[in-house]
Amino acid sequence: MAERINNIMREPVVSAVDRLRETEKRHKAGKLDGACLLGIILLLIVGLIALFTASYADSWRSYGDSTHFIIRQGMFALVGLVLMFVLSYVNYRFILYWHKPIFAVCALLLLVTPFIGTDNNTFAKRWLKLPVIGTFQPSELMKIAIVLSFAVLAAKDVREGNRLRKYRNLLNPYGWMLGIVVVLLYMEPHMSATLIILGTAIVMLFIAGMPIGIFVAGGLAGGAGVWAIWNEVIQIKQLSHVRDRLVNWLDPFQDLLDGGWQAANSFIAIGSGGFWGLGLGQGRQKHGSLSEPANDFIFAVWSEEMGFIGAVLVILLFAFLIYRGFYIAMNARDKEGCLLAAGITAKLAIQVVVNLFVVTGLFPVTGAALPFFSYGGTALLLQLCEMGILLNVSRYMRAEARESG
Amino acid sequence: MSIKGPDNRMQKRVRFLILFFCVACSFVVCAKLFYMQVIQHDLWTAKASDFQTQDDIIEPTRGAIYDTNMNELAVSAGSELIYIDPSSVVNETNTKNGYTAEQQQARMAELLSEILGVDYDFALENVKMTSKQWRQIKANVDKDTADELRQAISDARRKNEDGSQPAGYYIYSGVGYQSDVTRYYPNGSFASQLIGFTNSEGQGSNGIEEKYDSILSGTPGRVVRAATPDGDDMPYDYEEYIPAEDGASIVLTIDSTVQSIIEKHCNTAFADNPQAAGGVQAIVMEVETGAILGMANLPEYNLNSPKTIEREELRSELRENIADACEEAGLDRALAEGLSEEYLMYGGSSYLTEAQLANEELVTILTDQRKATLEKMWRNNIVKDAYEPGSTFKLFTVATAYEEHLVTGNDSFYCDGGMQIDETTYIRCHKKGGHGQQTLTQTLMNSCNDAMMQIALRMGHDTFKAYMEAFGLFDTTGLDFNGEGKGYFYQSNQDWYRNSALATASFGQRFIVTPLQMLNMVAAIVDDGYLKTPYLVREVLNADGTVRSTTQPKVRRQVISEDTSAFMRSAMEEVVATGAGKNAYVAGYRIGGKTATSELQRDENGEMHYTASFIGVAPIDDPKYIVLVIISDLPESAPHGGGAIAAPVVGRIFNDILPYLGVEPSYDGNELDRMDVSAPQVTGLSADEAAKAAKDAGLTCRFLGEGDTVSDQVPSVGAKIPYGSEMIIYLGGRTKTTEQREVPSVIGLTPENADYRLELSNLYLKRTGVSSSQYNYQTVAVKQNPAPGTMVDVGTVVTVEFQNTSGVSDR
C-alpha cells in the first residue's frame, strides 16, 4: 500500500522516457495471476475428489474396478495441467491470429460428426473417436472457436466506433456464424451445447456493446416460444421432447420411469444430504439411482455427501474463479484480451450455472457437464487449455491490477 | 499506435456480469440448496429411504406336520416364482444394436426354456404378450435354478474391457422373481382330508393346514435394506432386519402305521363295495384319551395335486353330474360325453376344445360342477357331515335305560316282529317273525328294534333327550378341526314328543349325528362313562424343536356309571362273539362292538339306500382302541348289512393294528386253530422222536415212506403254520417234491371244504374272520391270500377269511 502511494507521489517526476519504458514493460509478459491459478488448482482437486467418490460405484459395476474412471480422469488432468502452463506462455494474440482457420476446422468437424461420429450409447451422435485420447465432442472445440473469433471480431468492432450498437452489424458476421453453429448442432442434436455457445456469444457481444434492447426482445421471443411449446401451439415433432422436459421439470415425480427419474433422484440426493452431508464416500444415490452420477449429476452426489456446507464451498470456489476471470478481462491489456478472457470465463460460468440449475431443479434437465468435476477426459483437457489462455491474458494485465490481485 | 484496454463501458458491463454470475446466480443456487437440504431435508430423507431401500419380505418357513412318531406328513421348501414383464423385453437399445423385436423375444424365450426347462413355445407366447406386464413363467423354481438364471442374465450384462456395452447388453431385460414356498406331502394321498393342503398363497385351505394355519405359518420377517434400483445391496450399513418367525410344527396324534392300515382296509372295502356312493370312512381312537390315531375317508385325493381328480369313479360321477346340469340348463346331455378325460382329471381350459370353450353356458357348468366335485373330494365327512347312525345307537338306548335302572341284565323282552306305537303307527322289527323272548344282552346281539322301542318308551322323552345331551350329541365334540359338524334332531317339541319319534330314535333312525360324535359316545359308554374331547394334535413344536404346548386329554364328564359300562362291555363282547357282529372277530383278542345298517332315502327308482357301519372296541375287557367303519350309501340290491360288510373291515383293522400297538393276543381253547406255531426240526430224528416233536409243537403228523430216520419234512423248520395242522414227515430217504403247486380258489367254500381243497394241494389253511365256534351253514370264504393260480411250494400257508352271511342281520 505504502509503495503504491509512493508510486503515485512519484508520478509527476517520471520523465517521458521512463513512461515509454514503462509501456514497453507492460507489453512484456509478466507473472500470471496467482489467485486465478489458485482457484483453478483448488477446483481441479475438489473436482477429482468428487469424481472419485461419485464414480467408483458405477466403475465397479461396469468394470469390476473402482478406479477405472478416476485414473483416466487423473491422467487427463495431469496432461491438462501441463498444457495449461504451456499455453499460459503462448501469447494469446498469436492464438487469436488463427481464429478463422480454427473456426473453419471446428465447423468442418461438427459437420462430419453426425455422419462418422459415435453416440456412446445415447440417442445422439455427438462424439468423434480418436486413437489414444478416446472420444471427444467437436462441440467443445466449437465453444472455444466461437470465443476466439468473437474476441477478435468484436474487439475490432469496438475499436472501429462501437459498431455493435447497430443491430445490423450484429447479423454480420456474428449472426450467420452462430446460425451455422446452431444448424450444425441441431443435426446431432445437442441442445445444451447450443445453449452454452449462444450464451457465451451473447455475453461477449454484450460486453462489446450490444444494445440492451435485444435482451428485452430476446426474452420476449423466448418466453413466447416456451409458451407455444407448452400449449402445443407449435407441434414440431423434434420439439415435443422439449415439452416433456418442461413437464418433468415441474414435477419430476409424476413420471419417474419416463423422464423424471434423473431429476427426482438428483433432488433426493441433494435433499437427503442435509446440512452436513452423509460424509465423503457415503452417498447412496450414486449406487444406481442417479443416472450419470459421475457426469451431469456429479454435483448432486457431492451435495449428498458433503451437505449444504460442501455444496456452498464449491459454489464459492466457482464464483471466485469466475470473478477472477472477469477481473482479468477488465484489466486486460487490450480489447481482444478483455473479450477473450471474458468469453472464456463466461463459457465457464454459463456451464456451471446451467449444470447447477439443472441439478437443483431450477432448470429443466439438459445434458450439461460441470467443469472440473464431470467425468470426461477431453472436456477437462480443453477446459484446462482454456484456463491456460486465460492465464496468459493475465500475464499482460496492467501492472497495478496485477499487484492488487 | 497506442494499445487500449477495455473502455469504461466494457468494464462496466463486465462488472455487471460479475454481479450476475458470482452474486446473483450463486445466491439463487445456494438459496435453492438451503431450501432443499435444510428446510426440506426431512421430506427428502423420507423420499430417499423409499427410493434407496428395498423392503424384502422374508417368508417364514411353514411348520411341518408330523405324525405321532415324528414321521413327516407335510413339509415346506423354499422356492421362487419367475415371471417376465413382456412390455419391457423389447427395448430400443437392442433394436439400435441390430436386434429385431422378434430376435429379442426369441432370445428371451430361449433363455427361459433353457434354464427353467419350460416349453420354448410357451415361453415365446408369453414373451410376445407385450400388452401385459406380468406373465408367470414358472412357479416352484428351486433356488439354485433361479440363481442360475440370475447369473446368466448378469453375465450378459458385463461390459467389454474398453467399457463399451456388448451388443447383447440389454438383451435379457424384464425378468422378475418372487419368493415362494412350496408345500410337500411325502405320502401323497395319505390322510388327505385330515391334513389338508395349502393354496397358492401358501395359506392352509383344508384340514389341519387350515385349522392350525396361524400356528404353522409363522410371522413374516422383513429386511429393510439399502438397495440400488436394481435390487443390489449398497455398500453402506443400513439394514433393518426383522427376522421371520418360522412357523411352529404340529405333531398329530395320527399314527402313520395305523393310518396306512385303515386306509388299506378302507380301500379293500371300497373295492368290495363299489356301489358305495358315499365312500368308506374309518376312524381309530384311543379310548382312554380321545386321541385320534387314524382317520380315513375314501375316495381320497393327492395332497400334492389337490385339484387333480385321480379317482376314476369320481370322474365318471362328475361326468354324470355335468350331463344332469346340462340337461337342467337346456343343453344337450351329450356335451358331457365330449369332454376329455384330461379335463375331468386336471381341469383348466387348455383341455377343452375351441367349440367347448365357445359355449359359455357349458363352461360355467363345467367350472361349477368340477368345483363341487373337488369340494366333495376334499371334505372330511367323518368330522363335518352327519349320518343316521342306525343300530349302533342301540348301545345308547340300552346304556341309558340300564343307568336309569329301568332295565336290568335279567329283564327279558319279547319281540313279536313289531310294535303298535299308536293308532296309526306300527313299526316293524327287521326280523318279521320276531326275535321271541330275549335277555337284555340278546336284544343287542339280535339288534332287536322291538325291544329298543319298548325300552325307550319305558324311559320317556325327557330322559332320552337328557342323555343325548349328556353324551354330547347336541354339541360338537370339540375336535381341533375346522367346521366340525354336529347332530340334527327334531326341531320342534311337538315332533320330538311323539312316541313314534322316540321309538325310531331308539334304534338310531330319523336323526343324524356325525360319525365322530357317535364314536365318542360309544367310547364313553365302554370307558366307565367318561366322555372325552377327542383331539388330533398331540404337540405343537416351536421352530427350534422345543415343545410349545402339549395337549392334555380332557374328560368332559362321566355320563354313565362304571357298572353300566361293565354291563355294556359284556353285552358288546357277546355281539361279536355270538351275535350280529361275529364277522368282526379277531382271534386272540376280545372284541366288542355293534353293527348298524341305517336306512337312507329311496332313490328316484324307489330303491332304498343304506349305510352299513360297525363300531368295534378292543380289548373289550380293558378298552384301549375304538374303531368305526362306515360304508356309505349302498343300494338295497347290493350287500349292505353292517354285520356282513362293515364288521369284517373292523376285524381286519383290529387284526393288524392290535399287534402293532402292542396288545398281546391270548388264545382260549376255542381259538387254538387261529394260533400260529413254528414247525420244529424233525429231519434227522427217528420217526418216534419226530412224532413227539410235532405233538409237542401242537401239530399232528403223517408219515410217508418206510424207514427209521426222517429224511425230509413239510413245512420247513421255523415256518409258521396254524396250531393243529398236519406235518408231513418223509422217511427212508424220500424227499418232498420240488414241484410247485397252483393255489386253488377257495372263495365261496365252507371252512371244511376249503380245508379239504387246500389239503389236496398239500397247502395249509390259516383261518381269519368269524370265529370257528360261530361257523354255520352259511359261513363261507370271502378272501384268500395268495390269490388263486399263484404257484407256490408245498406246505405254503394260505390265509383265508371266513364270514357268516346269515345271523348278522341288524337293522
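In this text the structure is predicted, and so the values were computed from the model without any measurement.

*Asks:* Would you mind going over the pairing of strand β8 (residues 249-252) of chain B in detail, with residue names and values included?
*Replies:* Residues and elements named next belong to chain B. Covered by surrounding structure in β8 are S249 and V251 together with I250 and L252, the residues of both alternating faces. For strand β2 (residues 65-66) and β8, the ladder comprises two bridges, and the chain directions are parallel. Across the sheet, residue I65 finds its bridge partner in β8, namely I250. When β8 meets strand β16 (residues 537-541), the two strands line up antiparallel, connected through four bridges. When the bridges of β16 are listed, S249 appears paired with L541.

*Asks:* Tell me about the environment of F115 of chain A, and name the residues and values.
*Replies:* For F115 of chain A, the location among the structural elements is in helix α6 (residues 99-116). Taking the relative accessible area as the measure of exposure, F115 of chain A reaches 62% and is therefore exposed.

*Asks:* Which residues make up the packing of helix α3 (residues 34-63) of chain A against helix α4 (residues 68-87) of chain A, and what values go with them?
*Replies:* When two helices pack together, their arrangement is captured by the angle between the axes and the distance separating the axes. All names here are of chain A. As a packed pair, α3 and α4 sit with axes 7 Å apart at the nearest point and diverge in direction by 155°. With respect to each other, α3 and α4 are oriented roughly antiparallel. Of the two possible hands of crossing, α3 and α4 adopt the one that is right-handed. Counting all contacts with α3, which are made through L37, I40, I41, L44, L48, L51, F52, S55, D58, S59 and Y63, the residues of α4 involved are H68, F69, I70, Q73, G74, A77, L81, M84 and F85.

*Asks:* Explain the packing of helix α13 (residues 298-330) of chain A against helix α14 (residues 335-359) of chain A to me, and be specific about the residues and the numbers.
*Replies:* Residue and element names in this part refer to chain A. Orientation of α13 relative to α14, taken along the N-to-C sense of each, is 160°, at an axis distance of 9 Å. In terms of axis orientation, α13 runs roughly antiparallel to α14. Here the hand of the crossing between α13 and α14 comes out left-handed. Residues F299, A300, I315, F318, L321, I322, G325, F326, I328 and A329 of α13 touch α14, and the partners they reach there are C338, A341, A342, T345, A346, L348, A349, V352, N355, L356 and V359.

*Asks:* Kindly report on empty space enclosed by the protein, identifying the contributing residues and their values.
*Replies:* Within the structure shown, the criterion is met by two cavities of 30 Å³ or more. For the largest cavity, the full set of lining residues is I315, F318, A319, I322, V352, V353 and L356 of chain A together with F21, C25, S26 and V29 of chain B. When residues of the lining of the largest cavity are traced back to their parent elements, those giving at least two are α13 and α14 of chain A together with α1 (8-39) of chain B. Here the lining of the largest cavity is built from residues that sort into ten nonpolar, one polar and no charged. Taken as a whole, the second largest cavity encloses approximately 50 Å³ of empty space. Those elements that place two or more of their residues in the lining of the second largest cavity are α7 (192-195), α10 (256-272) and β10 (292-298) of chain B. With four residues, the single largest contributor to the lining of the second largest cavity is β10 of chain B. Grouping the amino acids of the lining of the second largest cavity by side-chain chemistry returns five nonpolar, four polar and two charged.

*Asks:* An account of the sheet that holds strand β9 (residues 279-286) of chain B is needed here, citing residue identities and associated values.
*Replies:* Residue and element names in this part refer to chain B. Across the sheet, five strands lie side by side as β10-β9-β21-β20-β19; this open sheet has antiparallel pairing. The open sheet terminates on both sides in strands that have one partner only, identified here as β10 and β19 (592-602). Here the average twist between neighbouring strands, direction ignored, is 10°. Where β9 and β10 come together, six bridges link them in antiparallel fashion. Across the sheet, the residue bridging to I283 is M295, located in β10. α10 contacts β9, β10 and β21 (625-635) of the sheet and is inclined by roughly 30° relative to β10.

Conventions used here
Residues numbered from 1 in each chain as written. Chains lettered and ligands numbered in written order. Predicted model: local features only at pLDDT ≥ 70, side-chain atom pairs only at ≥ 80, totals over all residues. Heavy atoms only, no water. Buried < 20%, exposed > 50% of the residue type's maximum accessible area, 1.4 Å probe, protein only. Helix = DSSP H or I, 4+ residues; strand = E, 2+ residues; numbered from the N terminus. Pairing = 2+ DSSP bridges. Axes fitted to C-alpha atoms, helices over the stretch in contact; angles between N-to-C directions. Parallel < 35°, antiparallel > 145°, perpendicular 65-115°, else oblique. Left-handed = near helix turned anticlockwise from the far one by under 90°. Contact = heavy atoms within 4.5 Å. 1 Å grid on protein atoms, 1.4 Å probe; cavity = no way out; pocket = protein on both sides within 12 Å on 5 of 7 lines; lining within 4 Å. Points joined across faces, edges and corners; volume = space filled by probe spheres on them. Nonpolar A, V, L, I, M, F, W, Y, C, P; charged D, E, K, R; others polar.

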